[in-house]
Every structure is written in structure tokens, then in C-alpha cells.
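# Observations on the three-dimensional arrangement
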Amino acid sequence: YERLGLWPAISQRAEAIRQIHVSDRGRFGTARLHAEDEGVPALGYVVENAWLGQCLWQALDQEVVSWRCPAEVTRMQALADGHELTLDDGTQLQCDLAVLADGGRSELREQLGIAVQQTRYDQDALIANVTPGNSHQGQAFERFTDDGPMALLPLPDNRCALIWTRTPADIRRLQGLPDQAFLQELQAVFGYRLGTLQRVGARHVYPLSLVQAEEQVRSNLVVLGNAAHALHPIAGQGFNLSMRDVQALAEALLASTGHLGQLSLLRGYAQRQRLDQRLTVGFSDQLTRLFATPDPWVAVGRNLGLLGLDLLPPAKR
């Protein structure tokens, strides 16, 4: 975002993560990370999606980019040298290269016959904004429980973004609770590190799966973002991985002197991103399984790992 000149605008509504507190509920393992100790201004930043989108739209060069919103692509047809897109108002557009980024449950990906490998985690994520009684002071919390991981991330105006993962049945129950009953249950699991939780905003639920498209490139087509790889939110790496894919694709296209949809060009992009994707997907998946297993010996091992992380500064780095 700095390279694109967008960070000054985005940072106006970005909250810096200055500390991260990781714990395993009811067990001894705890790790704390501090930006100051690592010599960085922040360990990360939390930005609300609506604000990020607004900054991105406003930065588009209207003389270069023609965009349509709201609109929906209802059909994609492969042509000899590109694709034809049919919009929901009947408009048809033709392009040399189509970049398909319509999310993990991509209907267009299915329409094009691109198969996916999908592994359900038997967990859903409940997402909401919560207002704590005390100042969050830039602290982020990741708390692992027997029912699934929970994260509270700092937002502007002393709010926190909650990501709470549990079984689908339990998440449906939590979604249906009155606000006060929901906050009481959340308080019982999270504790009082931020004082008494005051308010909760609208609650949204997302089923969690590891989704990987078996094809990310074809002639004149790139599958990008969650349509290419949807990850568990436990490590918060899905969006970051997609942004690195976007950057790599843009660099490949800018360096090209030929047809933007040529398969050799797109295969080169996919090859360069393969290791990054494999490591990031593998890390998120294994972390999910490590902290989801009820095996007591595994629990002891991961708590020793958290404790060791807290005692060994080089390991944190």
C-alpha cells in the first residue's frame, strides 16, 4: 500500500497492533509479543473492509479504469483470445484477460468447470465488533479453547473486531442470543483483560473450509483471492497471501510485451507464487489442526511451545 501511494489514506482509519497476547484457555501456555521489543512500529494493522474498499475505489484512475458497480457477472464464455462476460443487466463485455476473484464460493469458477479441493473444518466463524469497558491500547488477543479459537483485534474508536470459531450448531445458537446474553457468554470465555464488555454490533457467520482451486490459470484467465485459496482465519493470512498474489500478477503483466492472456505468461506467475501459497496454506491448516485437537498430550506440547516462545525472544522474531 505504501508503494501504491495508498497508505496515507488507509492509515487514517487503521489501528496499529502494538501487542499480541496468545493463550490456551485453562492451560499454562501463554506468549506475548511487543512491537517495541521487535523494533517495528506495529506488529500489524487492523483496517475495516468498508474503509479499505473506499480508499481503493477513490484511488482508481478514472482515465484508465472503467468500473461498474453495482453489477454482477452472470456468465463467462471462453473465446479464442479472451473471455466474454455477460452482466446482470444484459451488457456483454470482452476482455483479453479475465481475473476471477469472486470469493471462496465462486459460482463463476464452478461455471467454468474449475475443480476445487475442499476440506471442511466443522467450524463456523462468527464475526462482530465489540466495545470493551477498558482501552484496548493496541492489544490483540488470540485465545485457544476446547471449542475453537477466538481472536479480538483492536479497531479505531476503542472497538475490537471479534472472530469466534466454534461448531456450526453452537455458532447458530450464539448468533441467536440477545446482545446481553451473548456478551456474558463471550466474557466467560475471554475473561476480563479488557474489563466488562459493553456492546456488540451486528453478528455475521461464515462456514470455514480450506478451499484450493485445482487450476489457478488458464489461457486468458487467472483465479485470484479466496476463489483460488480460502484459508482458516486462525493465522489471519488469507488476505495477505491474496495481496501478494495480486502484486506478483501485476508485476508479471507489466513486464509482458505480448498478449496479456498468453498461457506461458500466466503459468510463470503461478509458478512464482506456488511456494508462497504452499507454505502459507500449510501453516494455517496445521495451526488449525494443532489447536483443535482434544488430545491431552498434544495440548501439553503446544503449551510448552507457547511457553518456550515467550521465553526465547529469537523464536518470536
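Residues numbered from 1 in each chain as written. Predicted model: local features only at pLDDT ≥ 70, side-chain atom pairs only at ≥ 80, totals over all residues. Heavy atoms only, no water.

## Things to note about the overall build of the protein chain
Using the following cut-off: Secondary structure elements are taken from DSSP: a helix is a run of H or I of four residues or more, a strand is a run of E of two residues or more, and numbering for both begins at the N terminus. Radius of gyration here is computed from C-alpha atoms only, and the compact-globule reference equals 2.2 Å multiplied by the residue count raised to the power 0.38. Buried, partly exposed and exposed residues are distinguished by accessible area as a fraction of the type maximum, computed with a 1.4 Å probe on protein chains only: under 20%, between the cut-offs, and over 50%, respectively. Only heavy atoms matter for contacts: two residues are in contact if any of them lie within 4.5 Å across the pair. Each accessible area value is a Shrake-Rupley result obtained with a 1.4 Å probe; residue values ignore everything except the protein chains displayed when judging cover. Charged residues are defined narrowly, with Lys and Arg counted positive, Asp and Glu counted negative, and His plus the chain ends left uncounted. All charge positions are set by atom: Lys at NZ, Arg at CZ, Asp at CG, Glu at CD.
Counting secondary structure elements, the protein chain contains 10 helices and 17 strands. Taken over the C-alpha trace, the protein chain has a radius of gyration of 21 Å; the compact-globule value for 317 residues is 20 Å, and the two agree within 12%. In the protein chain, which comprises 317 residues, the proportion classed as buried is 42%. In the protein chain, of all internal contacts separated by at least 6 residues, the share reaching a separation of at least 24 is 67%. Carbon and sulfur atoms provide 52% of the accessible area of the protein chain, an area that totals close to 17,300 Å². Placing the 29 positive and 35 negative side-chain charges of the protein chain at their respective mean positions leaves the two points 6 Å apart.

## Some details on the nonpolar core
This is how the line gets drawn: We define a nonpolar core as any set of buried Ala, Val, Leu, Ile, Met, Phe, Trp, Tyr and Cys residues linked to one another through side-chain atoms lying within 4.5 Å.
If you look at the biggest cluster of nonpolar residues, it comprises 19 residues, and the most contacted ones within it are Leu126, Val130, Met150, Leu162, Trp164, Phe182 and Leu186. Where this core is concerned, the elements lending two or more residues are strand 9 (116–131), strand 11 (148–155), strand 12 (159–166), helix 5 (168–176) and helix 6 (179–190). If sequence neighbours within four positions are ignored, Phe182 has contacts with Leu126, Leu162, Trp164, Leu174, Leu177, Val200 and Arg203. By size, the runner-up hydrophobic cluster in this structure holds 12 residues, among which are Leu100, Leu112, Val223 and Ala228.

## Structural notes on the sheet that holds strand 6 (residues 82–87)
Here is the rule: Think of it this way: DSSP has to see at least two bridges between two strands before they count as a pair. Helix axes use the C-alpha atoms of the stretch in contact, all axes being lines fitted to C-alpha atoms, and the angles between their N-to-C directions lie in the range 0 to 180 degrees.
Read from one edge to the other, the open sheet built from 3 strands follows the order 5-6-7, with strand pairing classed as antiparallel. Looking along the sheet, the strands with just one partner apiece sit at the ends: strand 5 (73–79) and strand 7 (92–95). Shown here is a sheet whose adjacent strand axes are inclined to one another by a mean of 20°, direction ignored. In this sheet, strand 6 lies alongside strand 5 in antiparallel orientation, the contact comprising 6 bridges. From the neighbouring strand, Leu79 faces strand 6, where its bridge partner is Gly82.

## Focus: the pattern of salt bridges
Note the following rule: Within this document, salt bridges are pairs made up of a side-chain nitrogen of Lys or Arg and a carboxyl oxygen of Asp or Glu, the two lying within 4 Å of each other.
Going through the model one piece at a time under the given rule, you end up with 10 salt bridges. Asp170 is paired through a salt bridge with Arg166; the nearest N and O atoms lie 2.6 Å apart. Judged on exposure class, the residue Asp170 and its partner Arg166 are both buried. Here Asp276 makes a salt bridge to Arg244, at a shortest N to O gap of 2.7 Å. Taken together, the positions of Asp276 in helix 8 (residues 263–292) and Arg244 in helix 7 (residues 238–255) put the pair 32 residues apart, joining distant regions of the chain. In this structure, a network of salt bridges that share partners links the residues Asp147, Arg166, Asp170, Arg173 and Glu185.

## Focus: the pairing of strand 6
For strand 6, the buried fraction is high: 6 of the 6 residues fall into the buried class. Residues Gly82, Glu84 and Thr86 line one face of strand 6 and the alternating positions His83, Leu85 and Leu87 line the opposite face, and both faces are buried. Where strand 5 folds back onto strand 6 in an antiparallel hairpin, the turn is made up of 2 residues. Here strand 6 pairs with strand 7 via 4 bridges, running antiparallel. Following the sheet pairing, His83 is matched in strand 7 by Cys95.

## Concerning unusual backbone geometry
Here the residue pair Cys69 and Pro70 is connected by a cis peptide bond, since its omega of 0° sits within 30 degrees of zero. Position of Pro70 relative to the elements: it lies in the loop between helix 3 (49–59) and strand 5. Positive phi outside glycine occurs at Asn158, with the angle close to 55°. According to the relative accessible area criterion, Asn158 is partly exposed, its value standing at 26%.

## Focus on the packing of aromatic side chains
We apply this condition: To pair, rings of Phe, Tyr and Trp, with the six-membered ring standing in for Trp, must have centres within 6.5 Å; the planes then decide the type, stacked if under 30 degrees apart, edge-to-face if over 60, and tilted in the middle.
The tally for this structure, following the rule as stated, stands at 4 aromatic pairs. With 5.0 Å between their ring centres and 70° between their planes, Trp7 and Tyr45 make a pair best called edge-to-face. Of this pair, Trp7 sits in helix 1 (residues 7–10) while Tyr45 sits in strand 4 (residues 44–47), placing them 38 residues apart in sequence. For Tyr45, a relative accessible area of 42% translates into the label partly exposed.

## Quick notes on the layout of surface pockets
Condition: Detection works on a 1 Å grid of protein atoms alone, calling trapped sets that fit a 1.4 Å probe cavities and calling open sets with protein on both sides within 12 Å along at least five of seven lines pockets, with lining residues defined by an atom within 4 Å of a point. Grid points are joined across faces, edges and corners, and a volume is the space filled by probe spheres set on the points.
Considered as a void within the structure, the second largest pocket measures approximately 370 Å³ in volume. Around the second largest pocket, the lining comprises 15 residues; the ones closest to its centre are Ala213, Glu214, Gln216, Arg274 and Gln277. Of all elements in the fold, only strand 14 (204–213) and helix 8 reach the threshold of two or more residues within the lining of the second largest pocket. The dominant element in the lining of the second largest pocket, judged by the number of residues it contributes, is helix 8, at 6 residues.

## Examining a nonpolar patch on the surface
Applied cut-off: Patches here: salt-bridge-free residues with over 30% relative accessible area, like charges joined within 9 Å, nonpolar side chains (Val, Leu, Ile, Met, Phe, Trp, Tyr) joined within 5 Å.
On the surface, Trp57, Val64, Val65 and Trp67 cluster together into a nonpolar patch covering about 390 Å² of accessible area. Locating Val65 in the fold gives a position in the loop between helix 3 and strand 5. What makes Val65 partly exposed here is its relative accessible area of 31%.

## Re the pairing of strand 9
Pairing of strand 9 with strand 14 involves 9 bridges; the strand directions are antiparallel. The residue bridging Ile127 from the neighbouring strand is His204, located in strand 14. Pairing of strand 9 with strand 12, which is carried by 7 bridges, proceeds in the antiparallel orientation. Bridging from a neighbouring strand, Val130 pairs with Cys160 of strand 12. Here 2 bridges tie strand 9 to strand 13 (residues 199–200), and the two strands are oriented antiparallel to one another. Across the sheet, the residue bridging to Val130 is Val200, located in strand 13.

From the geometry alone we can't say anything about function, so treat these as descriptive.
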